[in-house]
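For reference, the chains in residue letters:
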Amino acid sequence: MSEKLAIHGGDPVRKVPVPPPYAGASVYGEEEKKAVLEVLDRKSPYRYYGPDVVGTVKSFEQAFAAKIGTKHALAVSSGTASLVVALKAIGIATGDKVIVPANTFIASANAVVMAGGIPVFADVDDSLNLDPSEIGRLADASTKAVIAVPILGNPCEMDRIMEEARKHNLLVIEDVAQSCGSQYKGRYSGSYGDVGCFSLQMNKILTTGDGGAVTFNDDKFYERGVRYHDQGMFRERDGFLSMKEEDEVFIGQNFRMSEITGAIAGVQLQKLDSIVDSMRKLKKYIKRELQGVEGISFRRINDEEGDASNNVIMLLPDKSKIKEFVTALNAENISCFSLYDGNPVYMNTPLLHQRTVDRDGYPFSAIGGAVKYSRGLCPKAEEYLPRNVSFYLTPEFTMEDAADIVAGIKKVARALL
Ligand SMILES: *Cc1c(COP(=O)(O)O)cnc(C)c1O
């Protein structure tokens, strides 16, 4: 290996790229195939009826609730659907403010808007997750809930978040889309809040291509969630309220999961522990080997034991070096990127300008410009995020791949930092 960077014509650290960044899909095997084929053989791809329903979705829901440690789980069609279901289940309505961290995928904020609510953005701390002390600063009479988002495996400080939220009478949604399997103080993310939201999209730790799940402890929220996701119905309503008028029924959506998706989801869930274990070993090794490398530091992990470890986020000293660092490391065949291009979520054009699908700008129109977004809104997010370089890990990565990642980062750091 020459010290000359590959972008300058030197030999790359690796001849071939590292494995692709899809943890759940990387462990697809005979088990997923068999489960899907059973649904097809029985010609019953729909969860609620058919000639010979397997019940994959129901089984997945039961196993998921048991795994995460909640009373109920509801399977849905996507992570975004899980958020909208959660927001509607807890009663978010027109103009209600919901606290959303400045560092997250657009779906966390978009879902609030689609539910009729108004996102208000909380700054992050050096974990790049929501800073719990922001809750008190932002909460006012129209604030109803907070969405905690464990970013790329790093669990949120759920004890402090719950305490702050309760002090201000807020409900708590955990958006665990990126971090299924992460734990804070021995409990799974998604079991602390009033509702937990999960995604099974391609980039996530478990995947069915698209899909999602919502976890609940509260019966009433669960019932509202089930109804909202299925045209207002509750088809397996034993122990729950009926479709009768006096039982507070309402008009719903269709966010159902199919039996084909449920079949894959159930098998993926059985692989969660081994997926996370593999990634943890890799991440531990990489972080240890990079300890003390000039110019490389890491975001704080709120609970090292509970890090789902699907990603490593490094912070460089200076944002001016990020583009070159990312280009140089990619040229060494170590795939990396700057998470969200270094931008807080509110800098996303439609959100920034509060542009919605409705010609009257609903729901922002309902509050008459009382909430505005602009650069400068969350100073810490704007300081940390532009300095991030991130890369994914999956169970497919070998220890040799991990060693190459370390070598590549050291080489590029020596040359550029
Ligand atoms: C991926 C993601 C979502 C949305 O999940 P989809 O299944 O793609 O709809 C929501 N929140 C966060 C934080 C995500 O990363």
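This one's a predicted model, so the numbers in the text were calculated from it and none came from an experiment.

Peer 1: Help me understand the overall build of the chain, please; the structure alone is not making it clear to me.
Peer 2: Counting secondary structure elements, the chain contains 14 helices and 12 strands. Taken against the 2.2 N^0.38 rule, which gives 22 Å for 417 residues, the C-alpha radius of gyration of the chain at 22 Å falls within 12% of a compact globule. C-alpha atoms of the chain, sized along the principal axes, occupy 75 × 55 × 40 Å. Taken across its 417 residues, the chain has 58% of its residues classed as buried. A separation threshold of at least 6 residues defines the contact pool for the chain, and within that pool the share at least 24 residues apart is 72%. Approximately 17200 Å² of the chain is accessible, and the part contributed by carbon and sulfur atoms is 51%.

Peer 1: Sorry, what's going on with the sheet that holds strand β12 (residues 388-392) here?
Peer 2: Two pairing modes exist for strands in a sheet, parallel and antiparallel, and in both the strands are linked by backbone hydrogen bonds. Taken together, three strands build an open sheet; the order of strands is β10-β11-β12 and the sheet is antiparallel. Either end of the sheet is taken by a strand with one partner, and the two such strands are β10 (297-298) and β12. Strand direction decides the pairing type here: β10 and strand β11 (residues 311-315), joined by two bridges, are antiparallel. Residue pairing across strands places Phe-298 opposite Met-314, the latter belonging to β11.

Peer 1: What is the right way to read the sheet that holds strand β9 (residues 212-216) from this model?
Peer 2: With mixed pairing, the seven strands of this open sheet are ordered in space as β1-β9-β8-β5-β4-β2-β3. Each end of this open sheet is capped by a strand with a single partner; those strands are β1 (72-76) and β3 (118-122). Strand-to-strand twist in this sheet, taken as the mean axis angle between neighbours without regard to direction, amounts to 25 degrees. Pairing geometry for strand β2 (residues 97-101) and β3, over five bridges, is parallel. In the strand pairing of β3, Pro-101 is matched with Ala-122. Relative to β3, helix α5 (residues 106-114) is tilted by about 150 degrees, and along the sheet it contacts β2, β3, β4 (143-148) and β5 (171-175). Against the sheet, helix α8 (residues 219-229) makes contact with β1, β5 and β9, and its axis sits at roughly 15 degrees relative to β1, the strand it touches most.

Peer 1: Help me understand the pattern of salt bridges, please; the structure alone is not making it clear to me.
Peer 2: Two side chains carrying opposite charge are able to pair once their charged atoms lie near each other. With the rule as written, the count across this model stands at 32 salt bridges. The residue Arg-227 makes a salt bridge to Glu-223 at a minimum N-O spacing of 2.8 Å. Note that Arg-227 and Glu-223 are positioned in helix α8 at a spacing of four residues, about one turn of the helix. Residue Arg-227 is classed as buried on the basis of its relative accessible area of 1%. Arg-235 is the partner of Asp-230 in a salt bridge, and the nearest nitrogen-oxygen pair spans 2.6 Å. Through salt bridges that share partners, Arg-47, Lys-58, Glu-61 and Glu-236 make up one connected network.

Peer 1: Explanation requested: the packing of helix α2 (residues 30-41) against helix α9 (residues 259-270) in the structure shown.
Peer 2: Helix-helix packing is characterised by the crossing angle of the two axes and by the distance between the axes. Remark: α2 packs on α9, axes separated minimally by 8 Å, with the N-to-C direction vectors making an angle of 155 degrees. Accordingly, the angle class assigned to the pair α2 and α9 is roughly antiparallel. Note on packing geometry: the crossing formed by α2 with α9 is right-handed. Note on element contacts: α9 touches α2 through Glu-259, Ile-260, Ala-263, Ile-264, Val-267 and Gln-268, opposite Glu-31, Glu-32, Ala-35, Val-36, Val-39 and Leu-40.

Peer 1: Before we go on, may I ask you to explain the pairing of β1 in this structure?
Peer 2: Residues in a regular strand project their side chains so that they alternate between the two faces of the sheet. Extensive coverage of β1 is indicated by the burial of five of its five residues. By the alternation rule, side chains of β1 split into His-72, Leu-74 and Val-76 and Ala-73 and Ala-75, which are all buried. As paired strands, β1 and β9 are joined by five bridges and run antiparallel to one another. Residue pairing across strands places Ala-75 opposite Ala-213, the latter belonging to β9.

Peer 1: Even after reading the chapter, I still don't get the nonpolar core, so can you show me in this structure?
Peer 2: Side chains of nonpolar character tend, in soluble globular proteins, to be buried together. Leu-87, Ile-99, Phe-121, Met-158 and Ile-173 are the most contacted members of the largest nonpolar core, which has 72 residues in total. Among the elements that take part in this core, helix α4 (residues 79-89) stands out by supplying seven residues, more than any other. If we ignore the near neighbours within four places in the chain, the residues touching Ile-173 are Leu-83, Ala-86, Leu-87, Ile-90, Val-146, Ile-147, Ala-148, Val-195 and Cys-197. Membership of the second largest hydrophobic core comes to 30 residues, among which are Phe-298, Val-312, Ile-322 and Val-326.

Peer 1: Please clarify how the site of the ligand should be interpreted in this entry.
Peer 2: Taken together, 16 residues lie near the ligand, and Gly-79, Thr-80, Asp-175, Ser-199 and Lys-204 sit nearest. A distance of 2.7 Å separates an oxygen atom of the ligand from a polar atom in the side chain of Ser-199. Between an oxygen atom of the ligand and a side-chain N or O atom of Lys-204, the distance comes to 2.7 Å. Contact with the protein chains hides 93% of the accessible area of the ligand, taken as 380 Å² for the molecule alone. Counting residues per element, the shell around the ligand draws most heavily on α4, which supplies three residues.

Peer 1: Please explain helix α14 (residues 399-416) as it appears in this structure.
Peer 2: Given 3.6 residues per helical turn, the α-helix brings residues three or four places apart onto the same face. Spanning 18 residues, α14 covers 26 Å between terminal C-alpha atoms, matching the ideal 26 Å at 1.5 Å per step. For α14, the set of buried residues is Asp-401, Ala-402, Ile-405, Val-406, Gly-408, Ile-409, Lys-411, Val-412, Ala-413 and Leu-416. Buried residues in α14 make contact with α10 (272-289), β11, α11 (322-331) and β12.

What counts as what
Residues numbered from 1 in each chain as written. Predicted model: local features only at pLDDT ≥ 70, side-chain atom pairs only at ≥ 80, totals over all residues. Heavy atoms only, no water. Helix = DSSP H or I, 4+ residues; strand = E, 2+ residues; numbered from the N terminus. Rg over C-alpha atoms; globule rule 2.2 N^0.38 Å. Buried < 20%, exposed > 50% of the residue type's maximum accessible area, 1.4 Å probe, protein only. Contact = heavy atoms within 4.5 Å. Areas by Shrake-Rupley, 256 points an atom, 1.4 Å probe, with all protein chains shown as cover. Pairing = 2+ DSSP bridges. Axes fitted to C-alpha atoms, helices over the stretch in contact; angles between N-to-C directions. Salt bridge = Lys/Arg side-chain N within 4 Å of Asp/Glu carboxyl O. Parallel < 35°, antiparallel > 145°, perpendicular 65-115°, else oblique. Left-handed = near helix turned anticlockwise from the far one by under 90°. Core = buried A, V, L, I, M, F, W, Y, C linked by side-chain atoms within 4.5 Å. Near = heavy atom within 4 Å. Polar contact = N/O pair within 3.5 Å; in protein donor to acceptor, adjacent residues only side chain to side chain. Expected span 1.5 Å × (residues − 1).

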